[in-house]
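Working through the structure, step by step
In case you want the letters, here they are:
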Amino acid sequence: MIVMLTARRLKPGAWEQFRRAWDPGGTRPPGFQRAYHVRNIRDEDEVVSFGLFDMSKDEYRSWRAEADAEEMRRVDSLSAFVENEHVSGVFEVVDVVEE
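Residues numbered from 1 in each chain as written. Predicted model: local features only at pLDDT ≥ 70, side-chain atom pairs only at ≥ 80, totals over all residues. Heavy atoms only, no water.

1. Observations regarding the sheet that holds strand 4 (residues 82-92)
Counted only if it meets this: Two strands form a pair only when DSSP identifies at least two bridges running between them. Runs of E in the DSSP output that reach at least two residues are strands. Runs of H or I that reach at least four are helices, and both are numbered from the N terminus. The axes used here are C-alpha line fits, helices contributing only the stretch in contact, and every angle between their N-to-C directions lies in the interval 0 to 180 degrees.
Pairing in this open sheet of four strands is antiparallel, and the strands run 2-3-1-4 from one edge to the other. Edge positions in the open sheet fall to strand 2 (32-40) and strand 4, since each of these has one partner strand only. Between one strand axis and the next, the sheet turns through 15 degrees on average, direction left out of account. With eight bridges joining them, strand 2 and strand 3 (residues 43-53) adopt antiparallel strand pairing.

2. So, the nonpolar core
Note the threshold: Throughout, nonpolar core names a set of buried Ala, Val, Leu, Ile, Met, Phe, Trp, Tyr and Cys residues whose side chains join them through atoms within 4.5 Å. Only protein chains enter the accessibility calculation, which uses a 1.4 Å probe; a residue whose area is less than 20% of its type maximum is buried, one above 50% is exposed, and one in between is partly exposed. By definition in these notes, contact holds between two residues if any of their heavy atoms fall within 4.5 Å.
One finds Leu10, Trp15, Phe18, Ala21, Trp22, Val47, Leu78 and Val82 forming the largest nonpolar core, which totals eight residues. Among the elements that make up this core, the one with the highest residue count is helix 1 (residues 15-22) (four residues). Residues in contact with Leu10, not counting those within four places in the same chain, are Trp15, Phe18, Asp45, Val47, Phe81, Val82 and Glu83. Core analysis: the next-biggest nonpolar cluster, separate from the first, contains seven residues, Met4, Phe53, Met55 and Tyr60 among them.

3. Section: the pattern of salt bridges
Formally: Only one rule defines a salt bridge in this text: a Lys or Arg side-chain nitrogen within 4 Å of an Asp or Glu carboxyl oxygen.
Tallied over the entire structure, the rule returns nine salt bridges. Arg28 serves as the salt-bridge partner of Asp23, at 3.3 Å between the closest nitrogen and oxygen. Residue classification places Arg28 among the partly exposed residues on the basis of a relative accessible area of 40%. Put simply, Glu71 and Arg74 hold a salt bridge, and the shortest N to O gap is 2.7 Å. Of this pair, Glu71 and Arg74 both sit in helix 2 (residues 57-79), three residues apart, roughly one helical turn. Residues joined in a network through salt bridges with shared partners are Arg19, Asp23 and Arg28.

4. Overview of the pairing of strand 3
Here strand 1 (residues 2-10) pairs with strand 3 via eight bridges, running antiparallel. When the bridges of strand 3 are listed, Arg9 appears paired with Glu46. Between strand 2 and strand 3, which pair antiparallel one after the other, the connecting turn spans two residues.

5. Digging into the packing of aromatic side chains
Where we set the bar: Between the rings of Phe, Tyr and Trp (Trp by its six-membered ring), a pair exists once the centres lie within 6.5 Å; its type follows the angle of the planes, with under 30 degrees stacked, over 60 edge-to-face, and the other angles tilted.
Counting across every chain of the model gives four aromatic pairs. When the centroid spacing of 5.1 Å and the interplanar angle of 25 degrees are considered together, the rings of Tyr36 and Phe50 count as stacked. Of this pair, Tyr36 sits in strand 2 while Phe50 sits in strand 3, and the two are 14 residues apart along the sequence. On the basis of relative accessible area, Phe50 is assigned to the partly exposed category, the value being 24%. Taking 5.9 Å as the distance between ring centres and 50 degrees as the angle between the ring planes, the aromatic pair formed by Tyr60 and Trp63 counts as tilted. Placement of the pair is Tyr60 and Trp63 together in helix 2, with a separation of three residues, close to one helical turn.

Encoded structure:
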């Protein structure tokens, strides 16, 4: 399982524009399960976005090699609504804690 995660501070009032740019439609990466956007309850411009993907590191690298230009255009588009990024990366799930 791969998790793509980014913690950002949006420009004031930019949530709707950011959300549209984040998901412009089209094909999702392989193995896409779901994505979450969570907002800080004390500061609605602080947003953490993460997606869960049923894929291996090698499958991620292969997809990224094929889709890099398209993904960079999407990120450039949504960046217009971002003040700064705190953390961004692709993570491999190494442990799951369940109820």
